[in-house]
Amino acid sequence: MAKPLLEALQRRFPTEVLQCHDFRGDETAIIRRDRIVEIFTWLRDCPDTDLNLLVDVTAVDYLAEGLSGSPSSVESESRRTSPNQHQPGKPWYQPPAPEPGATARFEVVYHLLSLARGWRLRVKVPLTEQDPLVDSLVPVYQSADWFEREAWDLYGIRFEGHPDLKRILLYEEFIGHPLRKDYPINRRQPLVPMKDPTA
Amino acid sequence: MSERREQGWVREEGADHVAPDFEPDLQGDLHTRHLTINLGPSHPAMHGTVQLKVEVDGETIVRSECNVGYLHRAFEKSCEASTWTQVFPYTDRLNYVSPLLNNIGYALAVEKLLGLSGRLPERAGYLRVILGEISRITDHQTCIAAQLMELGAMTPYFWLMEGREALWDLIEAMVGARMTTSWCRVGGLATDMPEGWDGELRHALDRCLGILDDVDALVKRNRIFIDRTRGIGAMSAAEAINRGWSGPLLRACGVPYDVRRSMPYLVYDRLDFEIPIGGSGDVYDRYLVRMEEMRQSDRIIRQALETLPQGPLCVDDPTVVLVAKSQAHGSIEGLINHFKIIMDGIQVPPGEVYSYTEAANGELGFYLVSSGAGRPWKCRCRPPCFPMVQSLPRMVQGLMIADVVPCFGSINMIGGECDR
């Protein structure tokens with residue numbers, strides 16, 4: 001089967017699409033973050049793509065041995081206890097560089113669906129550890145609202161232009177972003193002091 | 001007192017009647033203050049732990065905010081620390097009213113990542129469909145029962161619970177548990193059906209169908225029910241799509257989208273069933289859609305029972321499925337295979353897949369990333385009710401506090417799945 005979606009996207013935004021692949025029938029495009037609002041608006045409105053439903057937004061942390069990471073945020077003891085430990089120097093996957101010379105640590109993953117055509121597309125945006133920031137898609141798809149809050153809550157990805165970017169599944173006083181790979185599964189959180197009800 | 005006297009409200013001693021020296025405005029609006037009140041997180045009319053902060057003007061909701069997360073249990077983090085097989089018990093606890101549908105959704109996702117799609121034995125596919133549809137019925141029964149009870153209709157609640165019990169007894173007979181099923185395995189199933197089970201299932205389905213008709217007779221044309229649900233929480237199809245809806249709520253808006261039909265998995269393409277849709281997307285239409293879906297599930301189960309083939313339950317691949325106990329105890333190869341799966345986990349090739357199924361509340365997706373190790377690098381569950389709960393403030397805006405109850409009930413928010 002031809003891949004009309006990926007071809008159309010590459011034709012329209014040749015400089016923005018970093019990579020495309022098709023694994024187990026899931027078509028995936030990896031794009032740069034700069035013009036994503038424009039790209040998603042086009043994917044939604046163009047009759048050739050017609051991807052009118054944003055199914056899911058999430059993120060993946062590809063922190064691994066051998067990937068660069070600032071010492072402050074990377075805890076070596078947690079890596080030793082990580083069940084997903086990999087041999088150093090043999091990365092199984094490295095997200096494409098968002099810009100020349102940079103190393104991506106996160107990927108924000110969007111899943112789109114066309115209700116009329118029945119096809120789906122996965123769009124991924126690689127982000128660096130130092131600057132995990134991407135434009136919010138709430139102006140394009142309302143469904144992005146809570147999904148983006150969840151990605152902020154659990155991964156610390158910031159969504160520029162989100163109307164109310166705050167934690168959703170965890171509580172305000174939670175420290176850190178627990179689905180990052182350098183967050184140990186057994187870490188304890190400090191007790192939250194009693195709030196003053198009169199304040 | 002003196003102020004009231006000045007305003008002429010208090011009768012002077014000796015005076016017969018003194019009219020107030022101002023004209024009371026009896027026709028105009030009352031000047032009310034906006035008041036913020038909390039519904040939940042533990043509120044008898046909100047089944048599920050969710051907080052709704054509503055700002056009301058009188059009894060009309062001006063603005064509201066929905067807060068979830070009270071049932072967060074770190075589903076994804078726990079999955080990343082487990083082998084692929086050990087994730088199954090966690091999936092039971094996502095939507096705990098239809099745990100089998102979660103089991104099936106996750107098993108299909110791992111099988112897709114393994115490249116096993118289409119290689120599942122026929123009998124396993126049929127049994128997954130049968131048990132999945134039973135779970136869909138129990139889920140809808142629970143949703144409608146709770147919704148009606150919250151609107152004051154206690155009788156249908158007990159009737160529907162009676163039907164649900166009959167189905168859960170059958171699930172227990174087959175799986176060994178009512179809710180914590182963990183029944184699927186990657187590449188197959190844990191257990192086959194016991195002797196005489198299909199006959200009992202047909203009998204239980206007959207009972208459930210009768211109950212559905214009884215409930216319809218009580219509720220469908222009931223003035224109180226119609227007054228409280230018609231036009232309440234209505235959503236246009238375009239907005240529902242933009243808000244990421246799926247499942248019965250999207251179909252109630254008139255969008256005939258059902259994963260079982262548009263992207264058939266298992267053996268749904270061989271079964272004859274219809275996709276009920278609504279028109280206005282209000283709470284009443286959602287009730288009708290759910291009721292009809294149960295009847296369609298019943299049709300699916302009966303067809304699947306008739307054509308259920310004999311054969312193995314699991315794929316024949318000792319690197320994915322545990323070998324028979326006799327082999328594990330009787331041959332060195334069997335023992336090694338058993339040991340490798342238990343200790344190292346199923347070795348899933350590196351890559352990522354998004355696999356989606358039609359769960360009771362809508363599209364249940366699993367986005368899995370494998371690093372090639374025996375444990376998931378990422379195991380994301382796309383919860384079906386999450387976008388609908390997000391839309392609750394939009395649904396109840398301009399309505400009254402009493403309307404929150406049918407709106408929220410029709411979403412069928414399941415904390416375990418929403419908060420993970």
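See the structure above.
Residues numbered from 1 in each chain as written. Chains lettered and ligands numbered in written order. Predicted model: local features only at pLDDT ≥ 70, side-chain atom pairs only at ≥ 80, totals over all residues. Heavy atoms only, no water.

S.K.: I keep staring at the overall build of chain B and nothing clicks. Help me out?
M.R.: Check the secondary structure of chain B and you find 18 helices and eight strands. For chain B, the C-alpha atoms occupy an extent of roughly 110 × 45 × 35 Å along the three principal directions. Across the 420 residues that make up chain B, the buried fraction comes to 57%. Working note: accessible area of chain B is about 17100 Å², and carbon and sulfur atoms make up 53% of it. When the 42 basic and 55 acidic side-chain charges of chain B are each reduced to a single mean position, those positions are 5 Å apart. (Helix = DSSP H or I, 4+ residues; strand = E, 2+ residues; numbered from the N terminus. Buried < 20%, exposed > 50% of the residue type's maximum accessible area, 1.4 Å probe, protein only. Areas by Shrake-Rupley, 256 points an atom, 1.4 Å probe, with all protein chains shown as cover. Lys, Arg positive; Asp, Glu negative; His and termini not counted. Charge placed at Lys NZ, Arg CZ, Asp CG, Glu CD.)

S.K.: What is the right way to look at the sheet that holds strand β1 (residues 17-23) of chain A in this model?
M.R.: Pairing between the strands of a sheet comes from backbone hydrogen bonds, and it takes one of two forms, parallel or antiparallel. Residues and elements named next belong to chain A. One open sheet accounts for five strands, arranged β1-β2-β5-β4-β3; its pairing is mixed. Looking at strand neighbours, the two that pair on one side only are β1 and β3 (53-61), the edges of this open sheet. Ignoring strand direction, the axes of neighbouring strands in this sheet form an average angle of 20°. In this sheet, strand β2 (residues 26-31) lies alongside β1 in antiparallel orientation, the contact comprising six bridges. Looking at the pairing, Cys-20 lines up with Ala-29 of β2. The strands touched by helix α4 (residues 144-155) within the sheet are β3 and β4 (104-113), with β3 carrying the most contacts at an inclination of about 5°. (Pairing = 2+ DSSP bridges. Axes fitted to C-alpha atoms, helices over the stretch in contact; angles between N-to-C directions. Contact = heavy atoms within 4.5 Å.)

S.K.: I tried to follow the pairing of strand β7 (residues 362-370) of chain B on my own but got confused; where do I start?
M.R.: In summary, the side chains of a regular strand alternate between the two faces of the sheet. Residue and element names in this part refer to chain B. Burial analysis of β7 places nine of its nine residues in the buried class, which makes it a mostly covered element. Here nine bridges tie strand β6 (residues 351-359) to β7, and the two strands are oriented antiparallel to one another. Bridge pairing links Ala-359 to Gly-362 in β7. Once β6 ends, the chain turns through two residues before running back antiparallel as β7. In the sheet, β7 pairs with strand β8 (residues 376-382) via six bridges, with the strands oriented antiparallel. Paired with Tyr-367 across the bridge in β8 is Arg-380. Taking the residues that link successive antiparallel strands as the turn, the β7-β8 hairpin has five residues, and the phi of Gly-372 there is positive, at about 95°.

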